[in-house]
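Chain residues, written in single-letter form:
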Amino acid sequence: MPNVYDVTDWSIPGSSVTCYTDLGAIINNMIADIKVQQPTQASKPGAVIYIPPGDYSLKTRVVVDISYLCIKGSGHGFTSSSIRYNSGSTTGWAEIWPGGSHVRVENTDGNAEAFIVTRTGNPRLSGIEFENFCLDGVSFTSTQNSYTNGKVGIRFASDTDSARISGMGMVYLEHGLVANNVDAMSVTDNFIAECGNCIELTGAGQATKVTNNEIGAGFHGYSIFAEGHLGLLVAQNNIFPRGKDSVHFKNCSLSSITGNRMHAFYPGMITLEGTCPENLISGNHLYRQPETYGPFQSSNNGLDDLFGLIQINGSNNSVIGNHVSFNVAAGSITPSGSTPTMILVKSGDGNYLASNHFTASVSVKTVVLDGSTTNTHVLDSGTAAQLQAYSTSYGFRATP
Amino acid sequence: MPNVYDVTDWSIPGSSVTCYTDLGAIINNMIADIKVQQPTQASKPGAVIYIPPGDYSLKTRVVVDISYLCIKGSGHGFTSSSIRYNSGSTTGWAEIWPGGSHVRVENTDGNAEAFIVTRTGNPRLSGIEFENFCLDGVSFTSTQNSYTNGKVGIRFASDTDSARISGMGMVYLEHGLVANNVDAMSVTDNFIAECGNCIELTGAGQATKVTNNEIGAGFHGYSIFAEGHLGLLVAQNNIFPRGKDSVHFKNCSLSSITGNRMHAFYPGMITLEGTCPENLISGNHLYRQPETYGPFQSSNNGLDDLFGLIQINGSNNSVIGNHVSFNVAAGSITPSGSTPTMILVKSGDGNYLASNHFTASVSVKTVVLDGSTTNTHVLDSGTAAQLQAYSTSYGFRATP
Amino acid sequence: MPNVYDVTDWSIPGSSVTCYTDLGAIINNMIADIKVQQPTQASKPGAVIYIPPGDYSLKTRVVVDISYLCIKGSGHGFTSSSIRYNSGSTTGWAEIWPGGSHVRVENTDGNAEAFIVTRTGNPRLSGIEFENFCLDGVSFTSTQNSYTNGKVGIRFASDTDSARISGMGMVYLEHGLVANNVDAMSVTDNFIAECGNCIELTGAGQATKVTNNEIGAGFHGYSIFAEGHLGLLVAQNNIFPRGKDSVHFKNCSLSSITGNRMHAFYPGMITLEGTCPENLISGNHLYRQPETYGPFQSSNNGLDDLFGLIQINGSNNSVIGNHVSFNVAAGSITPSGSTPTMILVKSGDGNYLASNHFTASVSVKTVVLDGSTTNTHVLDSGTAAQLQAYSTSYGFRATP
């Protein structure tokens, strides 16, 4: 079948490498073949590379420098490596590794990435798809609970348009997906967990969506990070611990964080850092409790309870109709004796907070307004006693 | 291709069974083969079992006791069996059965399930995927409108993690998907309708999502049921009639019902039963009208109009920004002459209802507070006359 | 493999046509073969037709008149043809056309459609799926920026149930998807852009969902249009410019527009036309700015800034928790010197607008009530000065 490649049915002339010994070298050779088969500018439809279920080792970074390449497997293959590594003896276990179309990221080429998407010249790369296989970083260093090993699952390095990441599994990578300067990327229905960082949208971009995923990063990394984005839609994700943040925007504008469920062990669940104007945070469920798992109880993201579960930097944002549950014993609050902050408006003019509901195990400030803030509107988001306003420029209506 | 199985290309040594005569026996034999092919703990990636479009009979229950098994077809194959069975003669019809990768659930082995996922020992099963095929219960007993036949499409019986159900069609089963003690399951983009019950998440679990599905159960069954779940995200589903409930939570906490469209023929569209604290119900569209289809007009879920379209049991829940349309003629209200209840807060402290909009064909109580409730906040969710408070412990602000 | 067809491995007896010279003739011949293979009413499971990555020309319209047909590729193949056509010389470009499973719509049969789904008699067609291939209209006439060429990607012409459109790419068609009288259709995770119109649901229908898509139409066409629908769920789409409207409902009821991100260059982003009762518009992010791209700065949708970014015609609708950003220089407002309208309630009784937040570059009216409107409720959606009420029948509470 033309333009359909199977990694288990490919060899490199003069080489003994197989998909099992170095999947990366095999796929790079396939991409070279695609270029040979599609020599003319007027007909470059790309190809599909299929990775059947199996255990593969990737030792050479794959360089995707053609548009329309679809790399797909038949199984996201996620299992918890964290539970295994923290379980003591596993000699009696049925299986010990992730599976499905299971790619062990074991670069020996000096590169961090399993896959890098990059090309110079025009046009930018378009229509690249990663679907339904497993990228497994295998182990962390120097301890299995460090969430560091320098490994990256997929990096988009040059500008791209209309890429799609769906049905993937990623585990035990320091960085799952790093996408620089992407437009209109779709990241949907993936399982990206037990990674140092899960999804990082760097540089700038617009009209991307991160939707309908299961996500949970390490204690010092981002579950979802976005920088310089406009019109990003982060919706309907189930974001579980840990994660330094559940969702972190840096200098993003006109974007949405909507209808997500978030569960965290530290303050700083949603952070709008730098200059973040005109974003919408609505219909989310936020739950903060202390770390529940012994091996990680000595770790955290370094933030104290005055940071805010939500912290806003920027103007004219909307925080509407969110539910916030805070369940931390008084003795575990930091700084000791302080009253925890649920939403901190740290800077900006004209922010609007309405119909947010808070329930807490201790007395909290539902909304804190920094002295620098102006013209904030706080409606039905707590009692007068729950508002801490260091500014005098605001409108307030207490929840009746 | 290693680890890729095709049910139409498999036979059992010494047996005349085929995928057409007993798909279950064939798949069980494949699973046995996978175990033989993957004998060592260190390499068990699983496999994909492909079911091409076709009509298959399943007579033996499939037991999935390996991780990372992906069972997939090429067609959800849903058609309305209810319309056909209630249509009189169909001799002139082009086709009469569901199709696609069409599995008739016709167990002769004494088991209820077409598929059961279960294993003892460690670790729990992970990464199992069901995708894009049709599970058809064929007929109900003793009448086609009973929605009972004892059949179960897929049952997860032992603990699992990160399973995925997507693109499936299910029809005419008494229970479509029953999942016990699942964590982080993804149930997305399925068509599960004309089943006694569609999706039942039993036991306990966390971080599961039920998103982006088309769903509609029988008159005495659940469209979506969840028990003992934490952090469940039920979002963006189109839930049509009938269904005893659209979404029913029993002893669930910290979960979300967000952005769904629900259409029902009876009271009790969203029920939080037992002890259900700190859940978020937001951005949903609820429409209640009387049964429209003759054959079912004598059936209902047994609840009267005082039960509430939404009934809350538990504390600190949020009901924010929902639209409720009630369109029942005065003469059809039960108990006769009563004023229907839209939202009943039946128990609990600190529930928060804000910005809900109600439109009704008769005079209604938009919010009723049971005498046992305390500290409820009702904001912009009807007029003073539309509030019925049997408690004195509440805050209220009428819609201006 | 039974019922599995590959377009690259099929020929028509006595004909030299191939999938590359006329994909439509090939698929029609396959459908004819499916009918021969599945002659009896009791066993018509349908089939899957696979389109591998490649460049195909479609010259004959495909008529899908069997249920359960799944047509799928391995690549949505979208790239921006608009950028290319407006870029001057592309001689140095790596590639110039869309790709993936890339179907050029080049009918020579006098028909507008690449695919039409239609059948007479009973039952209506069910369970048809289009998945993960590219429909490319190639060019517009008479200029590449006209967004007109008469071409239609897929038209559903007779009643259907439970169809699914997912993972598709569509580009440079005057009409991408036109679906008449569909019930319970799922349109999810598609990339439909640079089409005159993207998604048009005509006639009537119920329980359909349009979710999780990337969408952007031409300047005079609809990104999402729906007519006569009940219980339609339009959710979690990233709808970018241009598009005459982002979402346009005509005579639709009891439907939802929830959690979408919308970006537009003209007024009229969400329009409820005709008689549209009891719909929910919630949790959306709307951003309006002037056209940013030179080649289109002389084009627009013909509406002025008094039309409303949201215009409501009909009763008992809910507009809750939306964020609206308006960024147009004073000198570019039309009619010149007027105060732009954000939400216009043009007709109807009992509409409910709550917790909407507006930020604007100029002084605006956040809500305008037509003189014909009655009993509108406007809560926390602007100041008293930002309300323009030509009616006296309304309730109002200013944002504090």
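All figures in this text were calculated on a predicted structure; none of them were measured in a lab.

Glancing now at the interface of chain C and chain A. Between chain C and chain A, the residue contacts involve 60 residues of the former and 62 residues of the latter. Summing both partners gives a buried area of about 4500 Å² for chain C against chain A, and 51% of it is carried by carbon and sulfur. Here chain C and chain A share three salt bridges between them. Put simply, Glu95(C) and Arg119(A) hold a salt bridge, and the shortest N to O gap is 2.9 Å. Taken together, chain C and chain A are joined by 34 residue pairs in polar contact (both at pLDDT 80 or more). For the side of chain C that touches chain A, the elements supplying multiple residues, two or more each, are strand 3 (54-58), strand 29 (261-264), strand 32 (285-288), strand 35 (323-326) and strand 38 (357-360) of chain C. Taken together, the residues of the side of chain C that touches chain A sort by class into 16 nonpolar, 35 polar and nine charged.

As a further point, take the side chain of Ser223(A). Residues and elements named next belong to chain A. Along the chain, the position of Ser 223 falls in strand 23 (residues 222-227). Judged by relative accessible area, which is 0%, Ser 223 ranks as buried. The contact partners of Ser 223, leaving out residues within four places of it in the chain, are Cys 198, Ile 199, Ile 215, Gly 216, Ala 217, Ile 239, Phe 240, Arg 242, Gly 243, Asp 245 and Ser 246.

Below, the discussion takes up the relation of the copies chain C and chain A. Of the transformation placing chain C onto chain A, the axial shift is 0.0 Å and the rotation is 120 degrees, giving an RMSD of 0.0 Å. Such a turn and shift between the copies fits a three-fold axis.

Take unusual backbone geometry next. Cis geometry is adopted by the peptide bond preceding Ser142(A), which originates at Thr141(A) and carries an omega value of -10 degrees. Note on placement: Ser142(A) falls in the loop between strand 10 (134-136) and strand 11 (152-156). Phi is positive for Tyr68(C), which is not a glycine, with a value near 65 degrees. In this structure, Tyr68(C) sits in the loop between strand 4 (62-64) and strand 5 (69-73). Positioned with a positive phi, Ala184(C) is a non-glycine residue whose angle comes to about 50 degrees. Along the chain, the position of Ala184(C) falls in the loop between strand 16 (182-183) and strand 17 (186-188).

What follows covers the domain arrangement of chain A. Residue and element names in this part refer to chain A. Here chain A is described as being made up of domain 1 (1-88 + 97-172) and domain 2 (232-400). Between domain 1 and domain 2, the C-alpha centre-to-centre distance is 37 Å. Here domain 1 packs against domain 2, burying approximately 330 Å² in sum over the two surfaces, 55% of which is carbon and sulfur. When the buried area of domain 1 at its contact with domain 2 is split by residue, Asn 86, Asn 145 and Tyr 147 rank highest and sum to 76% of it. Linking domain 1 to domain 2 there are zero salt bridges. Between the two partners, domain 1 and domain 2, sit zero residue pairs in polar contact (both at pLDDT 80 or more).

The next subject is the packing of aromatic side chains. Counted under the stated rule, the structure contains 51 aromatic pairs over all chains. Ring centres of Tyr147(C) and Tyr172(C) lie 6.3 Å apart, and the angle between their planes is 50 degrees; this geometry places the pair in the tilted category. Remark: Tyr172(C) occurs in the loop between strand 14 (169-171) and strand 15 (175-180) and Tyr147(C) occurs in the loop between strand 10 (134-136) and strand 11 (152-156); sequence separation between them is 25 residues. Take Tyr147(C) and Tyr172(C): they sit in the same class, and that class is buried. Each residue in the set Tyr85(A), Phe140(A), Tyr147(A), Tyr172(A), Phe219(A), Tyr293(A) and Phe296(A) is aromatic and connected to the rest through ring pairs, giving one cluster. The ring centre of Trp97(C) lies 4.3 Å from the NZ or CZ of Arg104(C), which sits over that ring. Its end group placed over the ring of Phe296(C), Arg242(C) keeps NZ or CZ at 4.0 Å from the ring centre.

For the rest of this paragraph, the subject is the environment of Pro39(C). Along the polypeptide, Pro39(C) turns up in the loop between helix 1 (23-37) and strand 2 (47-51). Put simply, Pro39(C) and Gln206(C) are 167 residues apart on the chain and 32 Å apart in space, counted from C-alpha to C-alpha.

Mapping between the two copies of the chain is achieved by a rotation about an axis and a shift along the axis. Laying chain C over chain B is done by rotating through 120 degrees and shifting 0.0 Å along the axis; what remains is an RMSD of 0.0 Å. Here only 6% of the contact residues of chain C are again contact residues in chain B; the copies associate through non-equivalent surfaces.

For the structure shown, the criterion picks out 39 salt bridges over all chains. Among the ionic pairs, Asp161(C) bridges to Arg124(C), the shortest N-O distance being 3.5 Å. Of this pair, Asp161(C) sits in strand 12 (residues 160-161) while Arg124(C) sits in the loop between strand 7 (113-117) and strand 8 (125-126); the two residues are 37 residues apart in sequence, bridging distant segments of the chain. Residue Asp161(C) is classed as buried on the basis of its relative accessible area, which comes to 6%. Residues joined by salt bridges that share partners form a network here, namely Asp380(A), Arg397(A), Asp380(B), Arg397(B), Asp380(C) and Arg397(C).

Quick look at the interface of chain C and chain B now. Every contact between the two is made by 62 residues of chain C and, on the other side, 60 residues of chain B. Summing both partners gives a buried area of about 4400 Å² for chain C against chain B, and 51% of it is carried by carbon and sulfur. Together, Gln41(C), Tyr68(C) and Arg164(C) form the three largest contributors to the area buried by chain C at its contact with chain B, with a combined 15%. Inspection of the chain C/chain B interface yields three salt bridges. The salt bridge partner of Asp380(B) is Arg397(C), with a shortest N-O separation of 2.7 Å. Inspection of the region where chain C meets chain B yields 34 residue pairs in polar contact (both at pLDDT 80 or more). When its residues are assigned to classes, the side of chain C that touches chain B shows 23 nonpolar, 28 polar and 11 charged.

All names here are of chain A. The 11 strands lie next to each other as 3-6-10-14-18-22-26-29-32-35-38, forming an open sheet whose pairing is parallel. In this open sheet, the two strands that pair with only one neighbour each are strand 3 (54-58) and strand 38 (357-360). Pairing between strand 6 (residues 101-105) and strand 10: three bridges, direction parallel. Within strand 10, the residue paired with Val 103 across the bridge is Leu 135.

On to the environment of Phe358(A), then. Residue and element names in this part refer to chain A. Residue position: Phe 358 is located in strand 38. The spatial distance from the C-alpha of Phe 358 to the C-alpha of Leu 233 is 24 Å, given a sequence separation of 125 residues. Other than its neighbours up to four places away in sequence, Phe 358 contacts Val 324, Met 342, Ile 343, Thr 366 and Ser 381.

For an α-helix, 3.6 residues make a turn, and residues three or four places apart therefore share a direction. Residues and elements named next belong to chain C. A rise of 1.5 Å per residue sets the reference length of helix 1, with its 15 residues, at 21 Å; its end C-alpha atoms lie 21 Å apart and thus fit the reference within 8%. Those residues of helix 1 that fall on the buried side of the exposure criterion are Leu 23, Gly 24, Ala 25, Ile 26, Ile 27, Met 30, Ile 31, Asp 33 and Ile 34. The opening residue of helix 1, the one whose side-chain oxygen lies 3.1 Å from the backbone nitrogen of Gly 24, is Asp 22.

Criteria and thresholds
Residues numbered from 1 in each chain as written. Chains lettered and ligands numbered in written order. Predicted model: local features only at pLDDT ≥ 70, side-chain atom pairs only at ≥ 80, totals over all residues. Heavy atoms only, no water. Contact = heavy atoms within 4.5 Å. Buried area = accessible area lost by both parts, 1.4 Å probe. Salt bridge = Lys/Arg side-chain N within 4 Å of Asp/Glu carboxyl O. Polar contact = N/O pair within 3.5 Å; in protein donor to acceptor, adjacent residues only side chain to side chain. Helix = DSSP H or I, 4+ residues; strand = E, 2+ residues; numbered from the N terminus. Nonpolar A, V, L, I, M, F, W, Y, C, P; charged D, E, K, R; others polar. Buried < 20%, exposed > 50% of the residue type's maximum accessible area, 1.4 Å probe, protein only. Least-squares fit on C-alpha atoms with pLDDT ≥ 70 in both. Domains from an automatic or database assignment. Phe/Tyr/Trp six-rings, centres within 6.5 Å; stacked < 30°, edge-to-face > 60°. Lys NZ or Arg CZ within 6 Å of the ring centre and 35° of its normal. Pairing = 2+ DSSP bridges. Expected span 1.5 Å × (residues − 1).

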